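# Structural overview
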Amino acid sequence: MSEALFRNEPVPSTPYVADGVSISLAAPLKRYSLRARTAEALETVLNVKVPQKIGATEGGIACLGPDEWLLRTAAETAMPTGAGLPVAITDIGERSICLIVEGPRAAELLMTGCPLDLDNFAVGRATRTIYETVEIIIIREGEDRFHVEVWRSFAAWLWTAFTAAASH
Amino acid sequence: MSGFRLETGGRIDRSQPVTFSFDGKTYTGFAGDSLASALLANGVMLFGRSFKYHRPRGLVAAGSEEPNALISVNRGPGRFTPNLRATGVEIHDGLKAFSQNRWPSLAMDFGAINDRLGMFFPAGFYNKTFMWPRSFWDKVYEPAIRKMAGLGDAPTAEDPDVYASTYAHCDLLIIGAGPAGIDAALGAMDTNKRIVLMDEQDELGGGALADPALWPWLERSVKALTDAANVTILTRTTAFGYYHDNFIGAVQRLTDHRPENEDTPREKLWRIRAGEVVLAQGAIERPLVFDGNDTPGVMLSSAAKVYANRYGVAVGKTPALMASHDSGWHDVFALAKAGVGISAIIDVRESVDSALMLEAERLGIPVYLNHGVVGVNGRHNVSAVDICDYGNQRVHRVNTDALLMAGGWTPSVHLWSHSKGSLKWRDELGAYVPDLPNENVVCVGGCSGDWDFGTGAVIDMLPTPKDQSRIKAFVDFQNDVTAKDIKLAVREGFRSIEHIKRYTTNGMATDQGKTSNLNGLQIASSALDKPVPDIGLTSFRPPYTPQTFGALAGHAKGALFQPTRTTNIDSWAQAHGAVFELVAQWRRARYFPKAGENMHAAVNRECVAVRSSVGIFDASTLGKIEVVGPDAAEFLNRMYTNPWKALEPGRCRYGLLLKEDGFITDDGVSARLAPDRFHLTTTTGGAARVLNMMEDYLQTEWPDLDVWLTSTTEQYAVIALQGPNARKVLEPLVEGIDLSAEAFPHMAIREGTICGIETRLFRVSFTGELGFEINVPTAYGRAVWEQLMAQGAQYDITPYGTEAMHVLRAEKGFIIVGQDTDGTVTPFDAGLDWAVGKKKPDFVGKRSMARPDIVAPGRKQLIGLLTDDPNVVLEEGAQIVADPKQPIPMTMIGHVTSSYWSEALGRSIAMALVAGGHDMTGGTLHIPMPGKTHSAKVSGVVFYDPEGARLHV
Amino acid sequence: MILIHCPYCDEKRPEIEFANAGQAHIARPLDPSGQSDAEWEAYLFIRANPRGRHHERWRHIHGCGRFFNAVRDTVTDKFETTYKAGEPRR
C-alpha cells in the first residue's frame, strides 16, 4: 500500500504568540463520545473511573452533560464498542481539533467572545459553550492554560478570531 | 463679545499647545481641551445650524448632553465620523472637525430661510403637507427634506479601523466616576470584590473636575483606586445600554483622542455581567424656556462653570444669569472667583436665600428678583437681553455677552430606565427619580435626586408679555421643537406624552431629550392642566449616547463577519481554481472551470465526465449522525417514514423524515453498521436541525429508549466517486473490501481501508451512475482525494462541483429538500409514497398524512417539465399557468423548482410543483416569462435511465 | 442577554447557550392514529400565548444538550423557575 498519508490540519502548525498569550494546535488525539444513563454503566464497560458531576474531568474523561462524556487520550489502546450494552461509544477523533491557549492572558482572550466568567472556572473543569457564534468545548488544564475543542470546519475561523483578539 | 481663555486656572496643560482645525480654519488650544472648550477659548460661538430652521447655534452644555454642537471629524479616507458632540471630542494635533447642516458655510447658511418661514413649519408639518400625492414622497419630498433638514453626512468609504470586543464579569460595576461614583468605589475597594469603575470622560471626577476645591481629594482617590488590584478603571467608556440580569453594554474609545491612526483597535465593546450595579450618572441641568433661548451665547450655568474651572475658558466678559434655581447663583459666584465679571443675576423667584443675596451684594452683582428674560438680542451671539419685571410688566434691556440658564436639575435615570426600574415623581425637584429597582442596582448621587446645590422653582417656561405666536422659545434644541409646538399638539387633541412626543418629535433626536424631556413634560402638563405624573414619561432606550456601528460589530467584519465552514478538501479546490458558493455556512466548490470556460461549459464537461467515465466530488458537508444503542432501530423506525428494523447490517436505506405536520423536512441515505449502530446522513443544511429534532423526540417523548445520537458530520471527509469507471479507480487503493458487484451491491456499506486509512465505504449514488461515497477520518480527506485523483488520471477523472451534482441528480429525478420541497410538501406530493411504510402503525408525521387538507384533491405535486423548445431553460421560481390566454392577473397553479440544461439528454429539463400535477402527465402547461410565454409538456421526474440499469453494474 | 438556570448543570448560564423550544407540557399522543382530526389539530397547532406566566421548553444546546422546562413571565422576561424534563408542571 502507499506510504503513510499526510494529515491536513485547518490551522497553522506554528503557534501564534502575542503579548501574554499563545495559541497553538495540539497534537492529534483520540476522542470518543461516551453516552450512557449513568457513569457507572460506562465504568463497567471501560473499566475506568468516570466523573459523575457535569463539568468535572478525570483521567481524560470530561462530563459534559448528564448522559454525555468526552474521552480524549493519546494512548493507542483499542476502545470497546459496547455492542449490545446500554451505552454508546462513538469515535469522534477527527471531528474537532484542539487549540491550546496559554499564558497569563489566556482567560482574557477566551472571554473576548465567550460569555462565561472564566475567573470563576476552576482548573480541571470542562464545559461546552460558545465563542461568539461558534460552539466550543473549554477545558481548563491549568491556571493559565486552556484546551479549546472546536469542530474542524470552524477551526480556521476560530483561529483567525483568536489571533485577531490576541493581537489587540 | 465672545469666549476667551482665562489667564489662569483649569486642568489643561498650558505648556502643550495643540493645533487643530474647524471648518478648515486653524486654531490652537491646549492638551486637555475638548473641541468645545478650545473653540470657545478662540472666541468661536457658532457651532452649527439647527435641524429644521437652520438657526445659528452655539454650545448649551459642556458634557454629553450637548444638543447643539454636533460636528463631524475626518480622520482620513473611511474615517469620517458625523454627529459627534464637540463637548466630548478631545483635541489633538491635526484634528480636522467640521460643522454640519449648513450650506455654503456655517456663517452664511442658505437654509436659514427656513427660519424666516418658520410659521409654515409647525408641529406635524411634514405629516400634514407631504402626504399627497403619495408617489411624490420617495422621489421628491423625502430627498429634498433630507437635504435641508439633517445631521452630518453618512460616511461612504469602508471603515479601515479595527474594533475590539469582549465579555467581562465583575461583582460591582459603578457607572459614572463623579464624587458619588468614586465614593462608592472607595467604599467597596477593601473587599475582595472585582470592581469596574467607568466614566465617559477622559479622566475620573465628573462634576469634581469643575470644582478646584475637590481636586486634592480627587487626586488622592484616583491614586487609591488605581493602586487597588481589584479595581478596573475604564475612562472614555460610555455605558450605553442596561440589559437583563445586570448585563451592560459599554463602548470604550481607545484611539480617537490620539493624533495618529493606529493599527490597534479604535474602540472596544464591553459586554459586562455585573453582580451589583451602582449608577452614579449624575444629573443634567435644565435649560429655561424663553424667546431666543437658542441664541449662541445662551448656555447652562453649570456648563459655564465647567468651561471656566476645568478648561480655563470664560464664555464671555460679562455674562448674566437667568435662574430659577439656587445652583446658578453658586455657578456665577464661582465664575466671579475665576475672574469673570457678572453683569446681572436675574431670577424668576420673588425671594431667595438671604446668603445668596449677601454674596451677590459682596461681589457687586446686580440682582433682579421676580424678573425673567423675554428676549435675546444678537443673532450669532448674545449682545443684550430684555428682562421683564413681573411686578409691573415693564421690560428693560441688560447689556451682556452671554446668558447662563439655571432651570434646575434632571437626574440621569436613563440606564435605570433601561433596566426597567420604576420612577417616582418628586414635585419639589420637578423631576422623576428612581423608585423600585428591577435588577440588583442602586442609584447614588445626582441621578438619585440627591444633591446639595440648593432649591429652585419648577416652571414650564418664563412668563412673557409678548404675543405667544410671535416668539420662538425652544424646548428641544436638537430637533427644533418649541413650546408653541407642544401647545399646538395639545390643542390638536394629543393627550398622552407618548403621542405628543411623536407628533412634535420632542426628545426624539440623537440626544434623546436629555435637556428637553422635563421641560416638554411641564409645558404639556400646563397646557393640559394636569399634574405631570398623570401624563406620564416617555421611555429611555439604549443607546445612552450614539455609538458607532464599528464598535457594535466588533470583530465581526471581513473574514470574521460570520464563520465560513470549510472541508478538509476545500484547500485543494481553492488551489485548483474552483468557483465557490455558500451552502448554509459551508463554502462549497460550485464548479471547476478550465481556462476559458464559463459555468455552462464547465458544468457540461463535468456532467459528461461522470456519465462517461468517472467524476469525483467533495460531499463532506453531508450531515452525519451516529445512532448507537440497543434501541437504535426502534428509534429510527419511529422517526423515519420507512421501516428500519429489518435492515441488515451492511445495507443502506433511503430515509425520508417528516415533521409531525406530515411535511418533508429532510432526507438522506443511512447505513446499518451493526445491530445497534447506524450511520445516518442528512442534507448539508439540515444537519443541525435534524439532530435537534431527533434529540427532542428522544429526550422528551421516548426517554425510555436506550439509544444515543452523536454528530459525526465532521468526523468524516466524504468523497463521492461516481461514474462507470468508479470501481476501477477505487480497486487498487482499497483493502479489506470485495468491491465486486455481487459482494458489494448498490445501497450497501463496507468497512476496510483506503490508502491505509480506515474507511466506511458506501456504495450509493446521487447521480444514477455506479457510485461510491468514501468516508475517511477528516484529517486525511485531502490526502485520500489526491490519491484518488492520481489513480483516476488514466480515466481522466474529473472533479465536479455542486452545480453538476444538481444537474446529475435532476436528470434522475432525485429531489433536493428545500429546493423541490418548501415545507408544505408531503411524501405523496413529492412522488415518494414508495418510501412510506404502509404497515407501520406510527412514525413522526404519519397521523398528519390523513389530515383533511392533506388528503384533499388539488394539492401541489412534483412533476417533470419538458419545454416544447428544448433549448429553453426555464427560470427556477417561474410561475406556471394552465391557460396563457386568460386575463391578467392569471391564476398561478405552481412554480418551477429545478431547471437545468442536460447535456446527457441534449435538452433542458425541469421539475415543478403544480396543483394536481400528478394527473397532468402528457398535458401542456405554460410559463410566462418576460418577453415570451413558454410552453412545456408534463412528464415524470426521472429523465435519464428510468430503468436504473446504469446503477447495477 | 438573560441568564438561565439549567436544571441539569445546576447553574445560571448565558442565554446564547440556549435555544427556545416552544410551549411545554404538550405530550405527543400515545396513539396518534386514534386521534380525531380535531384532537390532532389541537395537539399540532394550538398553543397558548399568555401575558405573564408561561410554561415553555428550552434546550441547553451549547452546553449539556438537555431539553428542560421553564416558567417565564412574558411581560418581564424573568424566569420564575426551571426544572427537568419529565418533572410535573410547576
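Residues numbered from 1 in each chain as written. Chains lettered and ligands numbered in written order. Predicted model: local features only at pLDDT ≥ 70, side-chain atom pairs only at ≥ 80, totals over all residues. Heavy atoms only, no water.

Glancing now at the domain arrangement of chain A. Residues and elements named next belong to chain A. Domain boundaries in chain A define domain 1 (16–28 + 94–167) and domain 2 (30–91). The straight-line distance from the C-alpha centre of domain 1 to that of domain 2 is 23 Å. At the junction of the two partners, domain 1 supplies 14 residues and domain 2 supplies eleven residues. At the boundary of domain 1 and domain 2, one finds four salt bridges. A salt bridge links E141 to R72; its shortest N-O distance comes to 3.7 Å. If you look at where domain 1 meets domain 2, you find seven residue pairs in polar contact (both at pLDDT 80 or more). Mapped by element, the contributors of at least two residues to the side of domain 1 that touches domain 2 are β8 (96–102), β9 (126–131), β10 (134–142) and β11 (145–151). The residue inventory of the side of domain 1 that touches domain 2, partitioned by class, reads six nonpolar, four polar and four charged. (Domains from an automatic or database assignment. Contact = heavy atoms within 4.5 Å. Salt bridge = Lys/Arg side-chain N within 4 Å of Asp/Glu carboxyl O. Polar contact = N/O pair within 3.5 Å; in protein donor to acceptor, adjacent residues only side chain to side chain. Helix = DSSP H or I, 4+ residues; strand = E, 2+ residues; numbered from the N terminus. Nonpolar A, V, L, I, M, F, W, Y, C, P; charged D, E, K, R; others polar.)

Here we take up the interface of chain A and chain C. Contacts between the two partners involve 15 residues from chain A and, on the opposite side, 13 residues from chain C. Summing both sides of the interface, chain A and chain C together bury roughly 1100 Å²; the carbon and sulfur share of this comes to 54%. The tally of links between chain A and chain C comes to two salt bridges. Put simply, D67(A) and R66(C) hold a salt bridge, and the shortest N to O gap is 2.9 Å. The tally of links between chain A and chain C comes to eight residue pairs in polar contact (both at pLDDT 80 or more). Elements that contribute at least two residues to the side of chain A that touches chain C include exactly β5 (61–65) and β9 of chain A. Residue composition of the side of chain A that touches chain C, by class: six nonpolar, three polar and six charged. (Buried area = accessible area lost by both parts, 1.4 Å probe.)

With that settled, the discussion passes to the sheet that holds strand β34 (residues 623–628) of chain B. All names here are of chain B. Spatially, the five strands line up as an open sheet ordered β35-β36-β37-β34-β38, and their pairing is antiparallel. At either margin of the open sheet sits one strand with a lone partner, and together these are β35 (652–658) and β38 (708–711). Averaged over all pairs of adjacent strands, the angle between their axes in this sheet comes to 30°, without regard to strand direction. As paired strands, β34 and β38 are joined by four bridges and run antiparallel to one another. When the bridges of β38 are listed, V628 appears paired with W708. (Pairing = 2+ DSSP bridges. Axes fitted to C-alpha atoms, helices over the stretch in contact; angles between N-to-C directions.)

As a further point, take the domain arrangement of chain B. Residue and element names in this part refer to chain B. By the assigned domains, chain B splits into domain 1 (4–124 + 144–148), domain 2 (161–285 + 408–454), domain 3 (286–407 + 455–535), domain 4 (570–621 + 715–809), domain 5 (623–711) and domain 6 (857–953). Taking only C-alpha atoms, the centre of domain 2 and the centre of domain 3 are 28 Å apart. Between domain 2 and domain 3, the residue contacts involve 23 residues of the former and 28 residues of the latter. Between domain 2 and domain 3, roughly 2000 Å² of surface is buried when both sides are summed, and carbon and sulfur atoms account for 54% of that area. The tally of links from domain 2 across to domain 3 stands at one salt bridge. Ionic pairing is found between R310 and D202, a salt bridge with its closest N-O pair at 3.0 Å. Across the domain 2-domain 3 interface, the total number found is eleven residue pairs in polar contact (both at pLDDT 80 or more).

Here we take up the pairing of strand β43 (residues 771–777) of chain B. Residue and element names in this part refer to chain B. The buried count for β43 comes to seven of seven residues, which makes it a mostly enclosed element. Where strand β39 (residues 716–722) lies against β43, seven bridges are found, and the strand directions are antiparallel. Within β43, the residue paired with V718 across the bridge is N775. Judged from the three bridges that link them, strand β42 (residues 757–763) and β43 form a sheet pairing that is antiparallel. Bridged to L761 within β43 is I774. (Buried < 20%, exposed > 50% of the residue type's maximum accessible area, 1.4 Å probe, protein only.)

Our focus in this paragraph is unusual backbone geometry. Residues and elements named next belong to chain B. Note that the residue after P542, namely P543, is joined by a cis bond; omega there is 0°. Mapped onto the secondary structure, P543 falls in the loop between α14 (532–535) and α15 (549–553). Along the chain, I888 connects to P889 via a cis peptide bond; the corresponding omega equals 0°. Assignment of secondary structure puts P889 in the loop between β46 (879–880) and β47 (894–902). At N370, a position not held by glycine, the phi torsion is positive, near 55°. On the secondary structure map, N370 appears in the loop between β20 (367–369) and β21 (371–377). Its identity as a non-glycine residue notwithstanding, K420 has a phi of 70°, on the positive side.

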